[in-house]
There are 2 protein chains.
Amino acid sequence: MAKIEVLRLDSQQDDFSEQLDKLLAWESVSNKEVNQVVDEILQRVKADGDAAVVEYTNRFDRLNVASMAELEFSQSELQHALDSLPEEQREALTIAAQRVRDYHERQKGESWQYQEADGTLLGQKVTPMDKAGLYVPGGKASYPSSVLMNAIPAHVAGVEELIMVVPTPDGEVNQLVLAAAALAGVDRAFGIGGAQAVAALAYGTKTIPRVDKIVGPGNIFVATAKRAVYGTVGIDMIAGPSEILVICDGQTDPDWIAMDLFSQAEHDEDAQPILISNDAEFLDQVAVSIEKLLPTMEREAIISRSLADRAALIKVTDLEEAARVNNRIAPEHLELSVADPQALLPLIKHAGAIFMGRYTAEALGDYCAGPNHVLPTSGTARFSSPLGVYDFQKRSSLIMFSEDGASEMGKVASVLARGESLTAHARSAEYRIKG
Amino acid sequence: MAKIEVLRLDSQQDDFSEQLDKLLAWESVSNKEVNQVVDEILQRVKADGDAAVVEYTNRFDRLNVASMAELEFSQSELQHALDSLPEEQREALTIAAQRVRDYHERQKGESWQYQEADGTLLGQKVTPMDKAGLYVPGGKASYPSSVLMNAIPAHVAGVEELIMVVPTPDGEVNQLVLAAAALAGVDRAFGIGGAQAVAALAYGTKTIPRVDKIVGPGNIFVATAKRAVYGTVGIDMIAGPSEILVICDGQTDPDWIAMDLFSQAEHDEDAQPILISNDAEFLDQVAVSIEKLLPTMEREAIISRSLADRAALIKVTDLEEAARVNNRIAPEHLELSVADPQALLPLIKHAGAIFMGRYTAEALGDYCAGPNHVLPTSGTARFSSPLGVYDFQKRSSLIMFSEDGASEMGKVASVLARGESLTAHARSAEYRIKG
């Protein structure tokens with residue numbers, strides 16, 4: 001294999017800002033043909049329900065089933081998948097599920113209210129959604145850890161019914177995914193996928209309940225369908241390729257850092273691994289480690305493409321500058337592989353998840369640290385958060401005026417409503433003013 | 001004016017469920033032509049920045065300005081607008097702003113963390129977005145109260161820079177909006193609107209900063225543009241027509257209830273006012289009040305259309321059933337105009353805002369109760385929340401493994417990663433296992 005050339009940047013170079021923009025540029029391809037296909041599927045499923053879902057599933061997943069009932073997994077199938085796992089895997093999955101549950105319990109929002117002097121009560125009532133839909137990709141990209149990460153927060157939130165969909169192309173069923181579903185408490189599971197599964201969850205069919213929110217990753221058809229039904233149901237963000245940014249002071253074993261970069265790169269040829277250091281020599285050492293370790297990797301081809309096309313080794317002046325560059329990137333994963341990560345933390349404004357210290361490999365967070373591995377990508381950490389319990393809860397404002405409070409505030413509302421020429425508003429408020 | 005026939009439904013009628021579905025059906029029109037126009041505007045502004053915004057503004061708002069600088073309001077213009085308000089209005093606006101601020105202070109999310117026995121630290125860091133954009137419609141639908149409701153939560157969250165856009169068609173500037181902007185602490189304000197303003201905020205231009213999230217209502221062009229830039233920036237929900245659901249036990253003055261229904265109906269011909277009662281006679285009384293009061297309303301024409309096309313008076317068996325119907329509707333505004341609203345509250349699962357008791361007119365909540373008046377419409381209260389401080393904050397997961405913790409969890413992660421054939425993940429974790 002040819003030597004991998006990873007892009008080198010230096011914050012002192014004149015065109016650093018432009019080069020960084022170029023490195024980060026990512027356009028999710030919006031495809032007219034895909035849009036058209038997805039629109040048609042959505043309309044068909046909305047109109048014909050189960051029949052359309054069965055038809056599309058037979059066509060796209062090369063199956064031959066007669067009814068939706070044949071596509072539902074029973075609870076005992078899920079449980080059997082869990083019971084049949086090798087003990088080591090079942091134990092690891094169980095530990096991971098427990099840690100994810102423990103962490104997410106702390107995210108649960110609670111209702112609150114307060115009373116004003118005149119007896120007026122204000123607050124917010126926090127309630128779970130009724131039903132949530134979890135999309136799990138089929139085939140190779142089908143990860144049991146993702147089932148845990150998407151299902152457990154919904155459960156902790158108190159969602160009444162959690163419905164999982166996972167396609168089974170050519171009838172291939174991923175037993176690890178079913179096992180994770182059993183462990184995470186999925187209520188119903190269907191062997192369907194693609195835009196037809198998203199449509200079924202968004203609109204409901206005779207067999208598949210209409211949900212309030214759809215979460216989980218998928219291919220371009222799934223992402224396009226999710227974007228299209230956004231508003232009819234809630235959705236999580238539409239994820240881009242995975243990214244890691246490592247900030248290192250040059251004192252971590254360069255092999256560790258190379259492998260941490262690989263652990264993102266192996267996801268996807270478009271994945272983006274970036275290393276920032278104030279130590280130029282260390283960047284060279286990591287480049288050497290990359291050369292040395294790459295041929296030993298099972299996914300060498302994918303990692304090589306990601307490194308060649310999307311990676312960078314960036315030299316900065318000091319760690320403060322590294323933090324500033326981080327804030328510009330707003331990465332999905334940030335490793336602070338430095339002596340004193342707590343000192344650097346206050347300078348970090350934007351990142352999906354922050355892995356602090358040399359021992360905290362990002363890969364630990366993917367599976368069993370506790371926090372969610374569904375994180376904002378492509379710089380969206382500027383304005384979005386890890387998937388969490390809060391994604392399955394919603395709030396209702398509470399307002400209960402006392403007679404005195406309504407009278408006082410009725411006067412204020414009346415002035416403002418008349419200022420906006422909304423006289424029904426004004427008169428409605430004025431009725432509550434004491435004579 | 002002809003007698004208004006408001007739809008009557010009874011939960012005991014055979015086709016109640018179908019009739020309710022029909023009543024609630026609402027499709028926001030997605031228009032191919034609008035999509036095309038908006039796409040073109042977005043591309044032009046992305047490519048040409050200020051020049052494109054100036055060109056579109058001159059064309060659509062019938063202005064004749066030479067540069068973006070001419071379209072910026074200075075802070076002293078905003079302050080002057082506030083100082084020039086009639087005292088009664090300035091005072092009312094100030095009281096409203098203070099109450100909105102007080103309520104929203106209680107919504108502010110805080111960072112948290114905890115330590116495990118082996119020293120491992122887990123948590124979540126909560127930070128504000130850097131910049132937020134606030135869209136304010138021009139002309140008649142331009143409401144100073146909306147400026148407060150959108151700007152104050154951003155401020156409380158700690159957003160560093162808040163940028164307001166408000167079109168000034170034919171040069172008409174709404175002084176109340178500028179005054180509210182001064183009061184709410186808007187940092188910069190531009191006299192631009194439409195898809196071009198959304199594009200400028202989403203992509204940034206030389207003059208207009210790129211923001212992290214765009215909030216605020218707008219017409220079909222604005223809504224389409226917001227949907228298109230969703231992902232590049234965050235957006236609030238795309239709002240449908242306003243709705244109110246009143247549940248009344250028949251003991252509130254029917255004139256009050258009629259006026260409360262009017263206060264939603266006057267917003268828009270598509271607005272949806274619904275009254276549910278267990279008292280058939282009371283429904284008749286409200287119908288009489290509607291007939292009596294309607295001719296006295298400034299916005300009689302709009303209210304009449306809303307009542308004729310979208311309203312309903314629904315008879316139910318008891319208040320428990322009323323709550324069940326509410327949960328099916330998931331209304332934007334819910335009034336519990338009953339003797340004991342606290343007793344009914346636990347049965348209410350979905351509503352944007354809940355107005356409790358006979359004195360709590362929905363109109364009070366629009367202006368000065370404190371809670372936000374930007375609320376989920378069209379049944380989206382099933383999965384979304386009032387606009388709040390949380391909309392301008394985001395979270396980063398914190399993970400810091402101790403040496404012991406990384407070693408233990410490295411083993412678990414290794415098993416799971418190898419189960420998913422992600423060997424770089426596994427090896428990255430295994431490096432941290434103690435020998």
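Definitions and limits used
Residues numbered from 1 in each chain as written. Chains lettered and ligands numbered in written order. Predicted model: local features only at pLDDT ≥ 70, side-chain atom pairs only at ≥ 80, totals over all residues. Heavy atoms only, no water. Contact = heavy atoms within 4.5 Å. Buried area = accessible area lost by both parts, 1.4 Å probe. Salt bridge = Lys/Arg side-chain N within 4 Å of Asp/Glu carboxyl O. Pairing = 2+ DSSP bridges. Helix = DSSP H or I, 4+ residues; strand = E, 2+ residues; numbered from the N terminus. UniProt positions renumbered as here; feature names shortened; annotations may be inferred. Buried < 20%, exposed > 50% of the residue type's maximum accessible area, 1.4 Å probe, protein only. Arc of directions from axis to C-beta. Phe/Tyr/Trp six-rings, centres within 6.5 Å; stacked < 30°, edge-to-face > 60°. Lys NZ or Arg CZ within 6 Å of the ring centre and 35° of its normal. Axes fitted to C-alpha atoms, helices over the stretch in contact; angles between N-to-C directions. Left-handed = near helix turned anticlockwise from the far one by under 90°. Nonpolar A, V, L, I, M, F, W, Y, C, P; charged D, E, K, R; others polar. Polar contact = N/O pair within 3.5 Å; in protein donor to acceptor, adjacent residues only side chain to side chain. Parallel < 35°, antiparallel > 145°, perpendicular 65-115°, else oblique. Least-squares fit on C-alpha atoms with pLDDT ≥ 70 in both.

1. Examining the interface of chain A and chain B
Okay, so step 1: On the chain B side, the residues contacting the 122 residues of chain A number 122 residues.
Okay, so step 2: Summing both partners gives a buried area of about 10,900 Å² for chain A against chain B, and 57% of it is carried by carbon and sulfur.
Okay, so step 3: Looking at the side of chain A facing chain B, the largest losses of area belong to Tyr230(A), Arg382(A) and Arg432(A), adding up to 7% of the total buried there.
Okay, so step 4: Here chain A and chain B share 10 salt bridges between them.
Okay, so step 5: The salt bridge partner of Asp130(A) is Lys349(B), with a shortest N-O separation of 3.1 Å.

2. Describing the sheet that holds strand 8 (residues 213-215) of chain B
Residue and element names in this part refer to chain B.
Okay, so step 1: Pairing is mixed across the open sheet formed by six strands, whose spatial order is 2-7-6-5-8-9. In this open sheet, the two strands that pair with only one neighbour each are strand 2 (72-73) and strand 9 (234-235).
Okay, so step 2: Here strand 2 pairs with strand 7 (residues 188-190) via two bridges, running antiparallel. Pairing of Phe73 across the sheet is with Ala189, part of strand 7.

3. Some thoughts on the UniProt feature "binding site: Zn(2+)" (unreviewed entry) in chain A
Okay, so step 1: Sites flagged by UniProt as "binding site: Zn(2+)" (unreviewed entry) map to Gln264(A), His267(A), Asp366(A) and His425(A). The largest pairwise C-alpha distance within this set of annotated residues, which runs over 162 residues, is 55.7 Å, so the set is dispersed in three dimensions.
Okay, so step 2: Here His267(A) is to be found in the loop between helix 10 (254-265) and strand 11 (272-277).
Okay, so step 3: If we ignore the near neighbours within four places in the chain, the residues touching His267(A) are Tyr143(A), Ser242(A), Ile302(A), Asp366(A), Leu422(B) and His425(B).

4. So, helix 4 (residues 75-83) of chain A
All names here are of chain A.
Okay, so step 1: Within helix 4 the residues assigned to the buried category are Leu78, Ala81 and Leu82. The buried residues of helix 4 occupy one face: seen down the axis, they fall within an arc of 100°. Along helix 4, the residues that are exposed and aim more than 90 degrees away from the buried face are Ser76 and His80.
Okay, so step 2: Against the buried residues of helix 4 lie strand 2 (72-73), helix 5 (87-105), helix 7 (175-184) and strand 7 (188-190).

5. Comments concerning the packing of aromatic side chains
Okay, so step 1: Taken as a whole and assessed by the stated rule, the structure comprises 11 aromatic pairs over all chains.
Okay, so step 2: Aromatic pair Tyr56(A) and Phe60(A): ring centres 5.7 Å apart, planes at 5°, arrangement stacked. Of this pair, Tyr56(A) and Phe60(A) both sit in helix 3 (residues 50-60), four residues apart, roughly one helical turn.
Okay, so step 3: Among the aromatic residues, those joined into a ring-pair cluster are Tyr103(A), Trp112(B) and Tyr114(B).
Okay, so step 4: Positioned over the ring face of Phe60(A) is Arg59(A), at 5.5 Å from the centre of the ring.

6. What to know about the packing of helix 2 (residues 32-48) of chain A against helix 9 (residues 220-229) of chain A
Residue and element names in this part refer to chain A.
Okay, so step 1: Contact pair helix 2 / helix 9: the axes reach a minimum separation of 9 Å and the direction vectors enclose 60°. As for how helix 2 packs across helix 9, the hand of that crossing is right-handed. Residues Val34, Asn35, Val37, Val38 and Leu42 of helix 2 form the contact with helix 9, whose own contacting residues are Ile220, Phe221, Thr224, Ala225, Ala228 and Val229.
Okay, so step 2: Looking at side-chain class alone, the contact of helix 2 with helix 9 contains nine nonpolar, two polar and no charged residues.

7. Here we look at the side chain of Thr360(B)
Residues and elements named next belong to chain B.
Okay, so step 1: Along the chain, the position of Thr360 falls in the loop between strand 14 (353-356) and helix 15 (362-367).
Okay, so step 2: Thr360 gets classed as buried once you look at its relative accessible area, which sits at 0%.
Okay, so step 3: Of the polar contacts made by the side chain of Thr360, one reaches the backbone oxygen of Met356; its length is 2.7 Å.

8. A closer look at the packing of helix 6 (residues 144-157) of chain B against helix 7 (residues 175-184) of chain B
Residue and element names in this part refer to chain B.
Okay, so step 1: Here helix 6 crosses helix 7 at 20°, and the two axes come no closer than 9 Å. Accordingly, the angle class assigned to the pair helix 6 and helix 7 is roughly parallel. Remark: the crossing between helix 6 and helix 7 carries right-handed chirality. Residues Pro144, Val147, Leu148, Ala151, Ile152 and His155 of helix 6 form the contact with helix 7, whose own contacting residues are Leu176, Val177, Ala180, Ala181, Leu183 and Ala184.

9. Considering the pattern of salt bridges
Should their charged atoms come close, side chains of opposite charge can pair.
Okay, so step 1: In this structure the tally under the stated criterion is 42 salt bridges over all chains.
Okay, so step 2: Connected via shared salt-bridge partners are Arg44(A), Asp48(A), Glu55(A) and Arg59(A).

10. Observations regarding the relation of the copies chain A and chain B
Okay, so step 1: When chain A is brought onto chain B, the operation consists of a screw motion whose angular component is 180° and whose axial shift is 0.0 Å, with 0.0 Å RMSD remaining. With respect to symmetry, the two chain copies, as superposed, fit the operation of a two-fold axis. Across chain A, the rotation axis passes nearest the C-alpha of Arg227(A), at a separation of 4.5 Å.
Okay, so step 2: Comparing interface residues between copies, 100% of those in chain A also lie at the interface in chain B; the contact surface is shared.

11. Brief notes about helix 17 (residues 423-430) of chain A
Okay, so step 1: Extensive coverage of helix 17 of chain A is indicated by the burial of six of its eight residues.
Okay, so step 2: Buried within helix 17 of chain A are the following residues: Thr423(A), Ala424(A), His425(A), Ala426(A), Ser428(A) and Ala429(A).
Okay, so step 3: Residues of helix 17 of chain A that are buried make contact with helix 16 (403-419) of chain A together with helix 10 (254-265) and helix 15 of chain B.

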